[in-house]
There are 4 protein chains.
Amino acid sequence: ELGPFENDIKKIKAAYVRSFLFENKLMPSTWIVIRIDGCHFHRFSEVHEFEKPNDQQALNLMNSCAVAVLEEFKDIVFSYGVSDEYSFILSKDSKFYQRQASQIVSVIVSFFSSVYVMKWKDFFPFKELKFSPSFDGRAVCYPSTEILRDYLAWRQVDCHINNQYNTCFWMLVKSGKSKSEAQSYLKGTQTREKNELLIRQFNIDYNTLPEMFRRGSSVFRIKGEDSTMPKNGTFGDAKEKIITDHSNIIEDAFWKEHPSILS
Amino acid sequence: ELGPFENDIKKIKAAYVRSFLFENKLMPSTWIVIRIDGCHFHRFSEVHEFEKPNDQQALNLMNSCAVAVLEEFKDIVFSYGVSDEYSFILSKDSKFYQRQASQIVSVIVSFFSSVYVMKWKDFFPFKELKFSPSFDGRAVCYPSTEILRDYLAWRQVDCHINNQYNTCFWMLVKSGKSKSEAQSYLKGTQTREKNELLIRQFNIDYNTLPEMFRRGSSVFRIKGEDSTMPKNGTFGDAKEKIITDHSNIIEDAFWKEHPSILS
Amino acid sequence: ELGPFENDIKKIKAAYVRSFLFENKLMPSTWIVIRIDGCHFHRFSEVHEFEKPNDQQALNLMNSCAVAVLEEFKDIVFSYGVSDEYSFILSKDSKFYQRQASQIVSVIVSFFSSVYVMKWKDFFPFKELKFSPSFDGRAVCYPSTEILRDYLAWRQVDCHINNQYNTCFWMLVKSGKSKSEAQSYLKGTQTREKNELLIRQFNIDYNTLPEMFRRGSSVFRIKGEDSTMPKNGTFGDAKEKIITDHSNIIEDAFWKEHPSILS
Amino acid sequence: ELGPFENDIKKIKAAYVRSFLFENKLMPSTWIVIRIDGCHFHRFSEVHEFEKPNDQQALNLMNSCAVAVLEEFKDIVFSYGVSDEYSFILSKDSKFYQRQASQIVSVIVSFFSSVYVMKWKDFFPFKELKFSPSFDGRAVCYPSTEILRDYLAWRQVDCHINNQYNTCFWMLVKSGKSKSEAQSYLKGTQTREKNELLIRQFNIDYNTLPEMFRRGSSVFRIKGEDSTMPKNGTFGDAKEKIITDHSNIIEDAFWKEHPSILS
């Protein structure tokens, strides 16, 4: 019974088969952004009855997974998340997996996914996880800190635009409009009009909504030399601490306060 | 407070930021193999006290995840797993994610990982999952069925060689040798000598060990038109059934029995 | 004066600078097609007063360059050219430049260009070459012979369609129509209508025009074992001969006659 | 006779065939370096009896081709050449050929090659060009000006090291040593020792050899705003001028003098 195997061992040209492997190295000395997105999360959020437009606990779970990712992968210096999407920034000089795109993307997305399932019960103690969540991911590189910050600004602006729209949309739906009526109603409205709608019809001051909803979440390391000390006032032995924050990351102020992140 | 955001919305050059995205399309009309590997599974198997050299339940869990992957992703036509590694074959004409490597790899590895955590309790009801498992993955393409079969043969030969070595190694260790003594003992031995060692010293006929250990596991779809019917004799409405099997996939016989897999 | 250099020699991190080199390997076991196209040949053909719609000598020069390319690069098994474009096919198993795309493309295009200039006088003894011709190139891979033949058929069909259109267009222009009148006149006409136009107005039977204009040119090696012997009846010591031909390469007949080309 | 073509026109799936084209875009906002190298120039220089270790006219011809390349391709901001190698730098924001690597490399190498042949007679009026010169090329990107300057420094240091070695080697050969004796003699010698050898045995002060041999050649544009004016004191209508120069490009001085090159 082993016979055929043994004969085959010699036949197999492992080197030939391996020659089909191809490199997919990301350029050295550039910022690597790994962006992951929930797959079918529209349906996932319905099945698990997430609150609309934002489910606080679902977002807290996402942030908690991001913290775990930063704890696990030391080369990640910053991450930013909104809704079912998260972007992880690896340091310019990272040699993680020799900068092979597929491996870096896959291991981060894999770890994030398994942490998501493991932590589910902590955030939804009374909800059963009904099917397996999954995320896809891709890598992009940015050659300068300026362009990296443009990328992050783009994501935060997107967060703001989507959240404002979704807040109006769901208030209209909850007040009795159909989804398509709400859509027509909002079509072509500007930021100012949406804010006025919220104030007049629903007595909601958009700017008092939770920062996490309006600005998304940043998860990053702070080190002893940063000007900002963690709230508990000490780093203990760790020398660094992973922080979850909802600051404006478009303006310079945030980056001046945390000079070590992109240094 | 919204002010700065609004000003920035205009400033952000989303198109510019997006121009850094790059294609990583896999060649059309070629077999896509997504191979995933457990990260730090040496430690993972120690912490969770997996049996050595093979833990039946850990392998059953891997196979069960592979079944879930084939149920989820219809373009996967075959998969082969051994130890903490699994290879998924997408059909030559798959248009999944427009054949973008990173997204295909990441979504499969993500789904596999979250299923692994969700099913853990089914396979290890008395063992707590102590930390988050993760897998990395990569894509390779093969331009012909012949070379794809060379790839699969290479993996199955590897399974055989590693399993025979590990069976000897762990029997020696369990019989009192240190790990480094066992290693020296086996250095340079051939297949025949390892089989003789197992028979003489441990009264183990290698060829009677479970097929899953010696040959790995194949998970694939069978359809009505295949010559082999599933053991339960019916496909019901489904027209296809996902099968876990431990055949020799090096020889032609298997592929002749299942002509639809690589057709 | 050497001083600064010497100090710098140590400073230079050649390995770092070299780490930015990236692989661009073409998949093993696939047909490599290098297609080159004349740059600004519209203007080039005007300046050098090429005959319209086809300049016999300009095409002969292109073909002569292709013959030189096949003599120089032994891994090229076939080439097909039309107008200012040429496609060179490298054998599936070619290891030329370790299958690095940029180098293969560049060296072929470079050699073709310098031969073009060197041979100019042979084909245009009374015309001065007024500026430097240049070509761009790119590589594509095809995983099977069938798809490679689809590629070649596509190029030959293109040759036919363009030539028929151009023949009508230039006959109309030569007969007194302006270029835009000729364009309008031909808009939307089918093959049959174009042929009728040529017969009725210009007494030209399209099918009697030179094969090189209607079908383009194939340049390839024939070997002793091919069924077709070269016209001069002998291979001498060479065992192979490079042939220029204007056959239909869409139909099977050509490939059956020359089985060694794609074997 | 046309029949088979017509039937085939419909059969041909041009879109399918084209789907095999793949992108090879170079990252936006990075410096693109196209480096070309002579193929078989060892033999080429023997056949054409180039003077050793440096043939002034052969280098002048290379530089003259580089000037033509800069005249033709406006996105090239700087080039540096030594021996049979030339590096062309495209501006960070170049959109040339949508930054597709193969096309950029091929068109530059093609133009360089055809200019080389066209200008041959100007530099070697009494030498016939005996066979077609060819060059291969490849693209590399550098994300910052600092690393680009490291690249250029690396090439110039290489020029210096090779030239010093070759000067010694050919002086020894011309003085009667065999090539292998000369090689053994120089093995392991340092810069200082080579300079001493030249002075003592051949009365040559290395630092008085022509700058072009010791430092290679830079070809670049200067614009009105540069501190250095062209020797003829005017730019005329052109506003820019292409200069050939043999400066030290490792030190800052050169770049301070020509701030517009990498701005």
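If you're wondering where the values come from, they're calculated on a predicted model, not measured in any experiment. (Residues numbered from 1 in each chain as written. Chains lettered and ligands numbered in written order. Predicted model: local features only at pLDDT ≥ 70, side-chain atom pairs only at ≥ 80, totals over all residues. Heavy atoms only, no water.)

What follows concerns the relation of the copies chain A and chain D. Here two copies of a chain appear, and what relates them is a rotation about an axis with a shift along it. Superposing chain A onto chain D takes a rotation of 180 degrees plus a shift of 0.0 Å along the axis, which leaves an RMSD of 0.0 Å. Expressed as a symmetry operation, the mapping of one chain copy onto the other fits a two-fold axis. Residues of chain A ranked by C-alpha distance from the rotation axis are headed by Pro-143 of chain A, positioned 2.6 Å from it. (Least-squares fit on C-alpha atoms with pLDDT ≥ 70 in both.)

The next subject is the pattern of salt bridges. Tallied over the entire structure, the rule returns 36 salt bridges over all chains. Overlapping salt bridges bring together Arg-35, Asp-37, Glu-85, Arg-155 and Asp-158 of chain A as one network. (Salt bridge = Lys/Arg side-chain N within 4 Å of Asp/Glu carboxyl O.)

Here we come to the packing of helix H4 (residues 56-72) of chain D against helix H5 (residues 101-123) of chain D. For any two helices packed against each other, the geometry is given by the interaxial angle and the distance between the axes. All names here are of chain D. Where H4 meets H5, the closest approach of the two axes is 9 Å, and the angle between their N-to-C directions is 130 degrees. For the element pair H4 / H5, the angle class is oblique. Helix-helix and strand crossings are classified by hand; for H4 and H5 the assignment is right-handed. When H4 is examined against H5, the residues Gln-57, Asn-60, Leu-61, Met-62, Ser-64, Cys-65, Ala-66, Ala-68, Val-69 and Glu-72 are found in contact with a partner set consisting of Ile-108, Phe-111, Phe-112, Val-115, Tyr-116, Lys-119, Trp-120 and Phe-123. Tallied by class, the residues present in the contact of H4 with H5 amount to 13 nonpolar, three polar and two charged. (Axes fitted to C-alpha atoms, helices over the stretch in contact; angles between N-to-C directions. Helix = DSSP H or I, 4+ residues; strand = E, 2+ residues; numbered from the N terminus. Parallel < 35°, antiparallel > 145°, perpendicular 65-115°, else oblique. Left-handed = near helix turned anticlockwise from the far one by under 90°. Contact = heavy atoms within 4.5 Å. Nonpolar A, V, L, I, M, F, W, Y, C, P; charged D, E, K, R; others polar.)

Okay, the interface of chain B and chain A next. Contacts between chain B and chain A engage 70 residues on the former and 70 residues on the latter. Summing the contributions of chain B and of chain A, the shared interface buries around 5800 Å²; its carbon and sulfur component is 66%. The interface formed by chain B and chain A contains zero salt bridges. At the junction of chain B with chain A, the criterion picks out 14 residue pairs in polar contact (both at pLDDT 80 or more). For the side of chain B that touches chain A, the secondary structure elements donating two or more residues are helix H1 (3-11), helix H2 (14-18), helix H5 (101-123), strand E4 (135-142), helix H6 (145-174), helix H8 (191-202) and helix H9 (211-215) of chain B. (Buried area = accessible area lost by both parts, 1.4 Å probe. Polar contact = N/O pair within 3.5 Å; in protein donor to acceptor, adjacent residues only side chain to side chain.)

The next subject is the pairing of strand E5 (residues 217-223) of chain C. Residue and element names in this part refer to chain C. Here E5 lies mainly inside the structure; six of its seven residues are buried. Bridge count for strand E2 (residues 76-82) against E5 is four bridges, and the pairing is antiparallel. Its bridge partner being in E5, Ser-79 is matched across the sheet by Val-219. As judged from the six bridges shared by E5 and strand E6 (residues 240-245), these two strands associate in the antiparallel manner. If you follow Phe-220 over to E6, its bridge partner there is Ile-243. (Buried < 20%, exposed > 50% of the residue type's maximum accessible area, 1.4 Å probe, protein only. Pairing = 2+ DSSP bridges.)

Once that is clear, we can look at unusual backbone geometry. The omega angle of the peptide bond from Lys-52 of chain A to Pro-53 of chain A is 0 degrees, so this bond is cis rather than trans. Here Pro-53 of chain A is to be found in the loop between helix H3 (41-47) and helix H4 (56-72). At Glu-49 of chain C, a residue that is not glycine, the phi angle is positive and equals roughly 50 degrees. Tracing the chain through its elements places Glu-49 of chain C in the loop between helix H3 (41-47) and helix H4 (56-72). Positive phi outside glycine occurs at Gln-98 of chain D, with the angle close to 50 degrees. Relative to the elements of secondary structure, Gln-98 of chain D occurs in the loop between strand E3 (85-90) and H5.

With that settled, consider the packing of aromatic side chains. This model, assessed by the stated rule, comprises 120 aromatic pairs over all chains. With a centroid separation of 5.5 Å and an interplanar angle of 90 degrees, the aromatic rings of Phe-44 of chain A and Phe-131 of chain A are classed as edge-to-face. A residue pair is termed long-range when its members are at least 10 positions apart, and Phe-44 of chain A in helix H3 and Phe-131 of chain A in the loop between helix H5 (101-123) and strand E4 (135-142) qualify at 87 residues. With a centroid separation of 6.2 Å and 75 degrees between ring planes, the pair formed by Phe-41 of chain B and Tyr-116 of chain B is classed as edge-to-face. Here Phe-41 of chain B is found in helix H3 (residues 41-47), whereas its partner Tyr-116 of chain B is found in helix H5, with 75 residues between them in sequence. Here Phe-41 of chain B matches Tyr-116 of chain B in class, with each residue buried. (Phe/Tyr/Trp six-rings, centres within 6.5 Å; stacked < 30°, edge-to-face > 60°.)

It is common to report an interface's size as the accessible area lost on association of the parts. The interface is formed by seven residues belonging to chain A together with seven residues belonging to chain D. Carbon and sulfur atoms make up 83% of the surface buried where chain A meets chain D, a total of about 500 Å² over both sides. In terms of surface lost to chain D, no three residues of chain A exceed Met-27, Ser-29 and Pro-143 of chain A, which account for 79% of the buried area on that side. At the junction of chain A and chain D, the tally comes to zero salt bridges. Our count for the contact surface shared by chain A and chain D stands at zero residue pairs in polar contact (both at pLDDT 80 or more). For the side of chain A that touches chain D, a count of residues per class yields five nonpolar, two polar and no charged.

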